[in-house]
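Each chain, letter by letter, is given below.
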Amino acid sequence: MRGSRAVVTPARSCCWRDEPACRRRVAGLSRVSQGDVPASRLQLPPGPWATVLEALCERFPAIDRTAWLDRFARGRVLDADGRPLAVTAPYRTGAEIRYFREVADEPRIPVTEAVLHVDAHLVVADKPHFLPVAPTGAYVRETLVGRLVRRLGNQNLVPLHRIDRLTAGLVLFSANRDSRARYHALFRERRIDKAYLALAPPLPALAFPQVHRSRLERGEPFFRMREVVGEANSETWLDVVERGERAWCYRLRPVSGRKHQLRVHMAALGAPILNDPLYPELHAAVADDHARPLQLLAHSLAFDDPLDGRRREFSSGLQLADQSFTR
């Protein structure tokens, strides 16, 4: 790490959540390619609606009826088998539909991801800072999963875990629905070793390595997390890789996987990760500053492959590079 100045280069009910998994290509559509972005999956909950259109209009009021009519006309609302639904399609509780989110004037994110590994079951990608893993908010096409679907031509790609948009590093994808559950179990059962690197202020008064445990709950605003009194539900192992004058490089291993866990824990210890806009204090919303990325990198993943028992180990090719570390 020393001397490196290289910049990183290139829901309501769960029934209504977006899942970035487009499993089928629909042929014969006149105005749009279904392979351009991953589809969102929606399982219809109980409700009074006569048609799928009526339900979508009520559940997503930010999208007006005209926009939904246009999506139906262009084959952008599908059944579970990937067939376009008619605008008059009747509502059936429990049925699964697929729809393609669309964002007008979606901004281009000027970073480039790297593909580190591809096989019949897994894809490993190196995500740069600022690129979201899956569709969210203003981003649909400009996501890691969207780019990989287009790049690899595999609409079965599904991220097995997430890292924050502002965090760089490794993301593991399932490439095959038949083996997906077995790889998901690695994360659910904590049978995967994950390590992050972070640049943050020195903590000379603390002994390392150490473990930080706390109870994390949603804070204010809703997208922030906070530590509260109570039984711990989050745990992070921490060590120091290298000591600089103004910043240290820390290795972080999350035992649990709470939202913003590493960022909250570092801030709680008195060493907020450099360039963090959320912790310990919320900064005013501004456009992404690509010259000052969050100094947090998902650096390595290791696990025993559930299909054949082989040891799998992957390391990011990206680097953290805040100049304050070397001064």
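All values reported here derive from a predicted model rather than from experimental measurement.

S.K.: What should I look at first to understand the overall build of the chain in this one?
M.R.: Helix and strand counts for the chain come out as 5 helices and 14 strands. Counting all 327 residues of the chain, 51% fall into the buried class. Summed over all atoms, the accessible surface of the chain reaches about 15,900 Å², with 49% contributed by carbon and sulfur.

S.K.: Looking at this model, I keep getting lost on the packing of helix α1 (residues 52-59) against helix α2 (residues 65-73). Mind explaining?
M.R.: Each pair of packed helices gets described by two things: the angle between the helix axes and the distance between those axes. At a minimum axis separation of 10 Å, α1 and α2 run at an interaxial angle of 135°. Here α2 runs oblique to α1, going by the angle between their axes. Helix-helix and strand crossings are classified by hand; for α1 and α2 the assignment is right-handed. In contact with Val52, Leu53, Leu56 and Cys57 of α1, α2 contributes Arg65, Trp68, Leu69 and Phe72. When grouped by side-chain class, the residues that make up the contact of α1 with α2 number 7 nonpolar, no polar and 1 charged.

S.K.: Whenever I open this one, the sheet that holds strand β3 (residues 96-99) confuses me. Can you help?
M.R.: To summarise the sheet geometry, strands pair through backbone hydrogen bonds and adopt either a parallel or an antiparallel arrangement. In space, the 3 strands of this open sheet follow the order β1-β3-β2, with antiparallel pairing throughout. Both outer strands of the open sheet, β1 (40-43) and β2 (77-79), are each paired with one neighbouring strand and no more. Within the sheet, the average angular offset between the axes of one strand and its neighbour, ignoring direction, is 30°. Judged from the 3 bridges that link them, β2 and β3 form a sheet pairing that is antiparallel. Opposite Val77, over in β3, you have Tyr99 as the bridge partner.

S.K.: Which parts of the structure should I look at to understand the pattern of salt bridges?
M.R.: Here the idea is simple: oppositely charged side chains can pair when their charged atoms come close. Applying the stated criterion across every chain, the model contains 21 salt bridges. As a salt-bridge pair, Glu313 and Arg311 come within 3.8 Å of each other at their nearest N and O atoms. A residue is classified by how much of its surface remains accessible, and Glu313, at 60% relative accessible area, is exposed. Among the ionic contacts, a cluster of salt bridges with common partners joins Arg108, Glu113, Glu142, Arg147 and Arg151.

S.K.: Is there a simple way to explain the environment of Tyr279 in this structure?
M.R.: Looking at the element boundaries, Tyr279 is found in the loop between α5 (261-268) and β13 (296-304). When near neighbours in sequence (up to four residues on either side) are disregarded, Tyr279 contacts Phe223, Arg224, Met225, His260, Arg263, Val264, Ala267 and Pro272. Within the structure, the side chain of Tyr279 is placed 2.7 Å from the side chain of His260, a separation counted as a polar contact.

S.K.: Teacher, can you tell me more about the confidence of the model for the chain here?
M.R.: Atomic detail in the predicted coordinates should be set aside for any region of low pLDDT. Looking at the chain as a whole, the pLDDT averages 84, with 85% of positions reaching at least 70. Counting contacts from residues 1-35, a segment whose pLDDT is below 50, to residues more than four positions away or on other chains yields 104 contacts.

Parameters at a glance
- Residues numbered from 1 in each chain as written.
- Predicted model: local features only at pLDDT ≥ 70, side-chain atom pairs only at ≥ 80, totals over all residues.
- Heavy atoms only, no water.
- Helix = DSSP H or I, 4+ residues; strand = E, 2+ residues; numbered from the N terminus.
- Buried < 20%, exposed > 50% of the residue type's maximum accessible area, 1.4 Å probe, protein only.
- Areas by Shrake-Rupley, 256 points an atom, 1.4 Å probe, with all protein chains shown as cover.
- Axes fitted to C-alpha atoms, helices over the stretch in contact; angles between N-to-C directions.
- Parallel < 35°, antiparallel > 145°, perpendicular 65-115°, else oblique.
- Left-handed = near helix turned anticlockwise from the far one by under 90°.
- Contact = heavy atoms within 4.5 Å.
- Nonpolar A, V, L, I, M, F, W, Y, C, P; charged D, E, K, R; others polar.
- Pairing = 2+ DSSP bridges.
- Salt bridge = Lys/Arg side-chain N within 4 Å of Asp/Glu carboxyl O.
- Polar contact = N/O pair within 3.5 Å; in protein donor to acceptor, adjacent residues only side chain to side chain.
- pLDDT = per-residue confidence, 0-100.

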